[in-house]
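Structural description and commentary
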Amino acid sequence: MELLANGDEEAYTTVYRHYSRHIYEAALVYVKEPSLAREIVQEVFLKVWIKRAQFNKVQRLKDSLFILAPNCIFDHFRKKAAALTVQERLLHLQPLMVNDTDYRVQEQQY
């Protein structure tokens, strides 16, 4: 833990190799897509690296990782919900009224 907190890349790699598969499997249960589960694993370990100095105080790394993982999964769902909301709003927007003849011809052709 101390090596990781001090930025030791070998310690980070060891942690990644030991826990990435477990986090992937947990993420896959929720997101149901292997590519998204891999993305979540990457996000979790990116946060580990960014917050590595804080891991000096961590008693059980596994517990910390399995707190980070659900947070990343929920962040994914929040972003997806927000994107769907925006998409839904865009679908309901009224088209701008344009008096351009070319626009009317193209609209009729479509």
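In this numbering scheme, every chain counts its residues from 1 along its sequence in written order. Local features in this predicted model are restricted to residues of pLDDT 70 or higher, and side-chain atom pairs are both shown and tallied only at a pLDDT of 80 or more, whereas totals for entire chains, interfaces and linings draw on every residue. As a convention, hydrogens and water are excluded, and side-chain values are obtained from all of the structure's heavy atoms.

Think of a salt bridge as a Lys or Arg side-chain nitrogen and an Asp or Glu carboxyl oxygen that are within 4 Å of each other. Inspection of the entire model under this criterion finds five salt bridges. With a shortest N-O distance of 3.2 Å, Glu 25 and Arg 21 are connected by a salt bridge. Residue Glu 25 and its partner Arg 21 are located together in helix α2 (residues 9-31), separated by four residues, close to a single helical turn. In this scheme, a residue with accessible area under 20% of its type's maximum is buried, one over 50% is exposed, and one in between is partly exposed, where area comes from a 1.4 Å probe on protein chains only. For Glu 25, a relative accessible area of 41% gives the class partly exposed. Taking the relative accessible area as the measure of exposure, Arg 21 reaches 52% and is therefore exposed. As a salt-bridge pair, Asp 63 and Arg 60 come within 3.6 Å of each other at their nearest N and O atoms. What makes Asp 63 partly exposed here is its relative accessible area of 38%. Here Arg 60 falls in the exposed class, since its relative accessible area comes to 52%. A single network of salt bridges, built from pairs that share partners, joins Glu 43, Lys 47, Asp 75 and Arg 78. In this text, helices come from DSSP runs of H or I with a minimum length of four residues, and strands from runs of E with a minimum of two, each type numbered from the N-terminal end.

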